[in-house]
Amino acid sequence: MTPMKRAVSLARQALGTTSPNPAVGAVLVKDGVVLGTGHTQPAGSRHAEIEALRSAGDSSRGATLYTTLEPCCHFGRTPPCTQAIISAGVAEVLVAAIDPNPRVSGKGKTELEASGLRVEVGEEAEAAGELYEAFAKYITTGLPFVIAKFAMSLDGKIATNSGDSRWVTGPQAREVVQRLRRESDAVMVGIGTVLADDPQLTARNDQGDPLTRQPLRVILDSRCRTPPDARMLQEPGSTLIVTAGDSTAQQADRLKNAGAEVLPVASNHDGRIDLNQVMAELGQRDIVSLLVEAGGTLQGSLFDTGLVDKVMAFIAPVIIGGVQAASPVEGIGASRMARSWRLTRTNLQEVGPDWLVTGYPDPSPKAPSRQTEA
């Protein structure tokens, strides 16, 4: 494994634990020997470059630093990494990606070069682009990066006509979903999923035990229909139930007493939850990456509103059939094929007996539409 690939691997280990800071990996090398490694610590603590320099100690002078993101050059919760790198006597810095943060965005590279360090950008750029796609949106808009994840049969069904959905895909696909939860700041579902499946929505280790750090569970439930004994409310981590203000104080209090936070937000013209306000609220809570594991109603609303940034669709080689069987994306949808959401930069990956299709909805303008969620 090359030093930069190792840095990418280190960064992935930190995904989901560093928000609102990006997860960065760093490797310090001299004469082919790795002197130190590090990845970003939780917000307010040390950055990856500082971790690598600390582990290398005095041997950093004349070394090469591989880092997945341009070193910061401003004072935030911690001092700038550029000054620490310069003071340590590092000779050159190889950077996978320029920081999309407008406060940095090339300034860190310029500062290092002005101090005589050689700086090279671009190794493992594609991997770094995926690492920082969520951070890039958040730091420039204040909004979370929305991943629409669903599992469906070959004929586009997410459950049978009786509502049975366990399991559409195999265990390997579910392992990938666990990784996605671990890497996300929040997981969102609608009230329909809560009532139909009573999900736990926890991030778990390989042994099936819940992790100490859990993504925020976000439930869109306009009328506070979430049962106080829902399984997710018995799990570690926090649950945010978003309502449209139509519920009574008694309903809200029942959920608060069960351990949930209840957040009333504005409703749109048809009385349903305003998804744009939900995203703004999550951004204010430093939610950088949002994994949506909802059914067709909420997924359709997100597409109709133009809020989906990435699609991760698991496809099982099974035929379910049934005109009443649910599909993964409902809502208003496209009136013409020319208005459909075409995915770009698509990737197809085998996951056990299933396939995972990943892509990004074409940001071309769509026809005006209305929301249909909860």
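Residues numbered from 1 in each chain as written. Predicted model: local features only at pLDDT ≥ 70, side-chain atom pairs only at ≥ 80, totals over all residues. Heavy atoms only, no water.

So, on to the overall build of the protein chain. What the protein chain contains, in helices and strands, is eleven helices and 14 strands. Its C-alpha radius of gyration of 22 Å places the protein chain within 12% of the 21 Å reference for a compact globule of 374 residues. A principal-axis box enclosing the C-alpha atoms of the protein chain has dimensions of 65 × 45 × 45 Å. Counting across all 374 residues of the protein chain, residues that qualify as buried make up 50%. Considering only intrachain contacts with a sequence separation of at least 6, the fraction spanning at least 24 residues in the protein chain is 70%. Of the accessible surface of the protein chain, which amounts to about 16,700 Å², a share of 49% is contributed by carbon and sulfur atoms. Each charge sign in the protein chain was given a centre, from 37 positive and 42 negative side chains, and these centres are 2 Å apart. (Helix = DSSP H or I, 4+ residues; strand = E, 2+ residues; numbered from the N terminus. Rg over C-alpha atoms; globule rule 2.2 N^0.38 Å. Buried < 20%, exposed > 50% of the residue type's maximum accessible area, 1.4 Å probe, protein only. Contact = heavy atoms within 4.5 Å. Areas by Shrake-Rupley, 256 points an atom, 1.4 Å probe, with all protein chains shown as cover. Lys, Arg positive; Asp, Glu negative; His and termini not counted. Charge placed at Lys NZ, Arg CZ, Asp CG, Glu CD.)

The next thing to look at is the sheet that holds strand β5 (residues 118-121). Taken in spatial order, the five strands line up as β2-β1-β3-β4-β5 in an open sheet, and their pairing is mixed. The open sheet has two free edges, formed respectively by β2 (33-39) and β5, since each of these has just one partner strand. Taken pair by pair, the neighbouring strands of this sheet meet at an average axis angle of 15°, ignoring direction. Bridge analysis of strand β3 (residues 64-69) against strand β4 (residues 92-97) gives five bridges, and the strand direction is parallel. The partner of Leu-69 across the bridge, within β4, is Ala-97. Where helix α1 (residues 3-14) meets the sheet, its contacts fall on β1 (25-30), β2, β3 and β4, and the angle it forms with β1 comes to roughly 150°. (Pairing = 2+ DSSP bridges. Axes fitted to C-alpha atoms, helices over the stretch in contact; angles between N-to-C directions.)

Further remarks concern the confidence of the model for the protein chain. With 96% of its residues at a pLDDT of 70 or more, the protein chain has an overall mean of 90. When the elements of the protein chain are averaged for pLDDT, helix α9 (residues 249-257) gives the smallest value, 88, and strand β11 (residues 289-292) the largest, 98. This model gives residues 367-373 a pLDDT under 50, and the stretch forms 29 contacts once residues within four places in sequence are excluded. (pLDDT = per-residue confidence, 0-100.)

The next point concerns the packing of aromatic side chains. Throughout the structure, instances matching the rule amount to one aromatic pair. The cationic tip of Arg-174 hangs over the ring face of Trp-167; the distance from NZ or CZ to the ring centre is 4.4 Å. Here the basic side chain of Arg-345 rests over the ring of Tyr-360, its NZ or CZ set 3.8 Å away from the ring centre. (Phe/Tyr/Trp six-rings, centres within 6.5 Å; stacked < 30°, edge-to-face > 60°. Lys NZ or Arg CZ within 6 Å of the ring centre and 35° of its normal.)

This paragraph deals with the sheet that holds β11. One open sheet accounts for nine strands, arranged β10-β9-β8-β7-β11-β6-β12-β14-β13; its pairing is mixed. Each edge of the open sheet is held by one strand with a lone partner, namely β10 (261-264) and β13 (343-351). Each strand axis lies, on average, 20° off the axis of its neighbour in the sheet, ignoring direction. Lying on the sheet, helix α10 (residues 275-284) is in contact with β6 (145-153), β7 (186-190), β8 (216-220), β9 (239-243), β10 and β11; it crosses β8 at an angle near 165°.

With that settled, the discussion passes to the pairing of strand β12 (residues 310-316). Counted residue by residue, β12 has seven buried out of seven residues, so it is predominantly covered. Taking every second residue as pointing to the same face, both faces of β12 are buried, with Lys-310, Met-312, Phe-314 and Ala-316 on one and Val-311, Ala-313 and Ile-315 on the other. Two strands pair when backbone bridges link them, and β6 and β12 are joined in this way by seven bridges, in the parallel orientation. Paired with Ala-151 across the two strands is Phe-314, which belongs to β12. Bridge count for β12 against strand β14 (residues 354-361) is five bridges, and the pairing is antiparallel. From the neighbouring strand, Ile-315 faces β14, where its bridge partner is Trp-355.

Attention now goes to the environment of Val-146. When you line up the elements, Val-146 lands in strand β6. For Val-146, a relative accessible area of 1% puts it in the buried group. C-alpha separation for the pair Val-146 and Gln-214, spaced 68 residues apart in sequence, amounts to 18 Å. Once you skip the residues sitting within four places of it in the chain, Val-146 turns out to touch Met-279, Leu-290, Val-292, Leu-307, Val-308, Asp-309 and Lys-310.

With that settled, the discussion passes to helix α7 (residues 171-183). Across its 13 residues, α7 extends 19 Å between first and last C-alpha, which sits within 8% of the 18 Å expected from 1.5 Å per residue. The elements touched by buried residues of α7 are β6, β7, β11, β12, β13 and β14. (Expected span 1.5 Å × (residues − 1).)

Attention now moves to the side chain of Asp-99. Here Asp-99 lies in the loop between β4 and α4 (107-114). At 9.4 Å, Arg-103 is the nearest oppositely charged side chain to Asp-99, a buried residue that forms no salt bridge. Look past the residues within four positions of Asp-99 in its chain and what remains in contact with it is Leu-69, Glu-70, Val-104, Ser-105 and Phe-135. (Salt bridge = Lys/Arg side-chain N within 4 Å of Asp/Glu carboxyl O.)

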